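# An overview of the molecular structure
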Amino acid sequence: MSDRVRHIISLSGGKDSTALAIFLRDQIPDAEYIFCDTRNELPETYEYLDRVEAYLGKPILRLVDQRRDFDHWLDIYGGYLPSSRMRWCTKHLKLQPFEKHVGDDTVVSYIAIRADEDRAGYLSTKPNITTRYPFKEDGITRADVHKILIESGLGYPSYYSWRSRSGCYFCFFQQRIEWVGLMERHKDLFEKAVSYEKTLADGKRFTWIPDLSLQELRNDGKTAEIKTEHQKRMALERGRRRKNAALVDVLDDDEAFWGMLEAYQTESPCVACK
Ligand code: SF4
């Protein structure tokens, strides 16, 4: 272990961690940028990370466990798909590669939880890792993140037109409308996600969504129902925004919409996956 303190900013390929890297770029010139690659990310995420890397002017180290991928761990867990109650994916594909990279070094890890968010995250508890929340410390909200991204010229990752956050293409935190988005934009990845779902002889089902299989979701009637529900939510959100001049001024339609989607989520994805 050296005396040097390492400053690490973990990028997820999402808007908040990207904004944090931009925000801290000049404050912490010796920061290391890392990305824990599950090898199940969206193509748009990899493309965005390349652009972020060019903007930052420093490499983003991709941490990948080549030997033990998602399928390896799925096998270990007896075919049980990860879920919010059994989040083994985050532990093995995000946290452990990070901790291995850090080793016993003294590290400050910078996490992109905003001042307007109320959650702790799913983080390493190793004693040599200190966690800091610069957005919380400086009162940075979603509107500020928007400003940082637009002013930098980087903007948003392109998946933002149909999905609210980064992470694995099969992430169980996805809303149903996002699964529909995956089905329509990345048919191959949707089919791979379908192939992970199973029904055992005793009728027990392993599905990404607790009460709905992807086979059921892609049924025309169900897809139409999900889209209709989504349109209703959008109409509600537009009405709400019209009453809030501050939001109209600083957030564009997509950002407001995905903020709404975040708000509808009943559980918080891991910080590393955000
Ligand atoms: S993005 Fe979702 S599926 Fe992937 S590691 Fe994170 S919580 Fe698990």
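See above for the structure.
Throughout what follows, the structure given in this document is the object of discussion. Since we're looking at a predicted model, the values are computed, not measured.

Ranked by internal contacts, the top residues of the largest apolar core, which has 60 residues, are F170, W179 and W208. In terms of nonpolar packing, the next biggest core, distinct from the first, is built from eight residues, L63, V102, V107 and I129 among them.

Relative orientation of the contacting elements helix α7 (residues 176-185) and helix α10 (residues 220-242) amounts to 125°, with a least axis distance of 9 Å. When the axes of α7 and α10 are compared, the pair comes out oblique. By crossing handedness, the relation of α7 to α10 is classed as left-handed. Each of R176, I177, V180, M183 and E184 in α7 lies in contact with α10, whose residues at this interface are K222, T223, I226, K227 and H230. Grouping the constituent residues of the contact of α7 with α10 by class yields four nonpolar, two polar and four charged.

This part takes up the packing of aromatic side chains. All chains considered together, the criterion is met by 16 aromatic pairs. Judged by centre distance (4.7 Å) and plane angle (40°), the rings of F172 and F173 are tilted. Here F172 matches F173 in class, with each residue buried. By way of ring pairs, the aromatic residues F70, Y77, W88, Y169, F170, W179, Y196 and W208 are connected into one cluster.

In this section: unusual backbone geometry. Of note in the backbone geometry, R39 takes a positive phi value of approximately 65° without being a glycine. Note on placement: R39 falls in the loop between β2 (32-36) and α2 (43-56).

Rules of the game
Throughout this description, residue numbers start from 1 for each chain and increase along the sequence as written. With the structure being a predicted model, the display of local features is reserved for residues of pLDDT at least 70 and the display and counting of side-chain atom pairs for 80 or more, all residues being used for whole-chain, interface and lining totals. The basis for every side-chain value is the complete set of heavy atoms in the structure, and neither hydrogens nor water enter the calculation. Nonpolar cores are built from buried Ala, Val, Leu, Ile, Met, Phe, Trp, Tyr and Cys residues. Side-chain atoms within 4.5 Å join them into one set. Any residue under 20% of the maximum accessible area for its type is buried, any over 50% is exposed, and the rest in between are partly exposed; the area is computed with a 1.4 Å probe on protein chains only. Note on method: axes are straight lines fitted to C-alpha atoms, helices fitted across the in-contact stretch only, with angles between N-to-C directions ranging 0 to 180 degrees. Labels follow the DSSP assignment, with helices taken as runs of H or I lasting at least four residues and strands as runs of E lasting at least two, numbered in each case from the N terminus. Each angle gets one of four labels, with under 35 degrees taken as roughly parallel, over 145 as roughly antiparallel, 65 to 115 as roughly perpendicular, and the rest as oblique. Here a crossing is taken to be left-handed if its near helix is turned anticlockwise relative to the far helix by less than a right angle, and right-handed if that turn runs clockwise. In what follows, residue pairs with any heavy atoms lying within 4.5 Å of each other are defined as contacts. Only Asp, Glu, Lys and Arg are considered charged, only Ala, Val, Leu, Ile, Met, Phe, Trp, Tyr, Cys and Pro nonpolar, and every remaining residue, Gly among them, polar. Within 6.5 Å between ring centres, the rings of Phe, Tyr and Trp (the latter by its six-membered ring) count as paired, and their orientation is classed by plane angle as stacked under 30 degrees, edge-to-face over 60, tilted in between.

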